[in-house]
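Geometric and topological summary
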Amino acid sequence: MRGRSGQLIGVVLVFRDQSKERETQRLLEERERLLSSIIQNLVGSFVFRAERMPNGAIEFKFVSPGVEEITGLPPDSVVNDRNRLHSALVDERQEATGTGSILRCQDGRLFDEEVCLRHARSHVPKWLRLRGQQVERREDGTEVLEGIAFDITGAKAAAAENRKLAMVAARTHNGVVLTDARARIEWVNEGFTRVTGYAFEEVRGRVPGSFLQGPETDPAVVEEIRRSLRAGRGFKVELLNYAKGGRKYWVEIEVQPLHDERGRLTHYMAIERDLTERKRAEDEVRRLNANLERQVWLRTEKLAMSEERFRLIAENMRDLLCMVDPAGLFAYVSSSFGLVLGYMVEELLGRSALEHVHTEDSARMGGALRRVLEGGSGQTREFRFRHKAGHYVWLEAMANVIRSAAGEIKGCVVTARDITERKLAAEQLHASEARYAHLVENINDAIIRDDPAGRVVFANRRFLEWFGLAGRDLQTVAIEDYVAPEWRERLRDRHDRRVRGEAVPDRFEYEGLR
């Protein structure tokens, strides 16, 4: 500071507190380092920056290291030859759809599309989901695009497999029912509707026994079902049910509990087979057997007539029917053995009933057959029987002893049914559940499922890691553990509206708490 004559008379110093600016700069640098670290270590995805030229060509200016894992192209080669990745994506789309355009923005700025390319080294097709936005449009028409590419190859394969399994379940003759852990229906197939007369919309959320059981349903069997459900265990029963119009029908119900990766019960799967015709046939067999016990077997004209009636029933029923003598040899075989197992009647008569049973099942079935021939009660058994062509067919069989009028054991009658399709469907559904659980646990996104009360009943590994909840019992997790205070009321309101059936947007952003 100078006086009027120009002489220096002092210095004016101005001080400014830059603490906040420096702290802000530090936080920005820290977040930038964190974001850079995340981008550099992405698994199953990569970040990119690209420019769409006025002529439609796309040049990739930046790609994160994850591009090499997914495409087989090193990041440097993608950036140095900026059209290389674009060409790989366009070539596959051109071949599949006839159009080579990618990264076209919808609503002016956003893009979200699925594309396919072949891995540069393995040549295996890889599916990518490209999501991002236009961040700049220059005066010469060049569009600057930023986004992220996700490897969705596994998800595509899982979806295709699930469609196959759903097709199997939908086309099987048996009824298939999927319920939640409280036995409330979440899905039924066409076989269920065909047998019961109820469409899915009529039974969604209802407990099957509440509308299928009636006056003649055995209370003891109903109680057995309830005990099994309370204990969370599987069961198989035969039950008299009532169709929508009041028609009575017999059904065999096999229920298996389904658990999540932590072993907690989440669903029940039931396979229901209509036994009405089999029950009618068994009733007829028992009626004929009672008649045989009153007379000397196969010695009178009346018995011959009964045998003919029995033969007509057996030859015209879809299930397998045979008689086994006390020595364990086939004494009678219905013609349905030819349709199901490929054998002519003459090829089996006089042969051991266990000759074609799978070696792993032979001892068990031999013991069961001996117990019946010794006068024991029969039980439903499952086993494999060799088809004439060489492969094995799964059968479900029930044996009942045959006695003379004097009480002498003359053999047993066996009814059986092909359950190969049911076994295959159950195995495929189990495999699908395992693949689905693996996909959910390894996806990059956080996934949770809550119940109508808002309690978290499932959370994948990514969610637990993001919100620092790893190792916590989900039953103790509340909304306060992962949602910032100012967002909790809005999130609860959105949840309640969805439970009430109101329309709620699928996408919702909120601030989490870690």
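Presented here is a report on the structure given in the accompanying data block. (Residues numbered from 1 in each chain as written. Predicted model: local features only at pLDDT ≥ 70, side-chain atom pairs only at ≥ 80, totals over all residues. Heavy atoms only, no water.)

Right, let's get into the overall build of the protein chain. Each helix and strand in the protein chain was counted, giving 17 helices and 17 strands. With 514 residues in all, the protein chain has 38% of them scored as buried. Considering only intrachain contacts with a sequence separation of at least 6, the fraction spanning at least 24 residues in the protein chain is 43%. Accessible surface, the protein chain as shown: approximately 30100 Å² in total, 52% of it carbon and sulfur. (Helix = DSSP H or I, 4+ residues; strand = E, 2+ residues; numbered from the N terminus. Buried < 20%, exposed > 50% of the residue type's maximum accessible area, 1.4 Å probe, protein only. Contact = heavy atoms within 4.5 Å. Areas by Shrake-Rupley, 256 points an atom, 1.4 Å probe, with all protein chains shown as cover.)

Nonpolar side chains in soluble globular proteins tend to be buried together. Among the nonpolar cores identified, the biggest contains 25 residues, and V324 and L341 are the most heavily contacted of them. Every element with two or more residues in this core is listed here: strand 11 (320-324), strand 12 (330-333), helix 12 (336-341), helix 14 (359-373), strand 13 (381-386), strand 14 (392-403) and strand 15 (409-418). Ignoring sequence-local partners within four residues, the contact set of V324 consists of L329, F330, A331, A353, L369, L373, G411, C412 and V414. Membership of the second largest hydrophobic core comes to 23 residues, among which are I185, V195, V222 and V251. (Core = buried A, V, L, I, M, F, W, Y, C linked by side-chain atoms within 4.5 Å.)

Inspection of every chain in the model, using the stated rule, returns 45 salt bridges. Of the charged contacts, one joins E143 and R52 as a salt bridge, the two residues approaching to 3.9 Å between their closest N and O atoms. Here E143, found in strand 5 (residues 143-151), pairs with R52, found in strand 1 (residues 45-52); they are 91 residues apart in sequence, far enough to count as distant. There is no split in this pair, since E143 and R52 are both buried. Of the charged contacts in the structure, one is a salt bridge between E223 and R230, with a shortest N-O distance of 3.2 Å. Assessed through its relative accessible area of 30%, E223 is described here as partly exposed. Within the structure, one salt-bridge network assembled from shared partners comprises K236, E238, E252, E254, R273, R278, K279, E282, E382, E396, R422 and K423. (Salt bridge = Lys/Arg side-chain N within 4 Å of Asp/Glu carboxyl O.)

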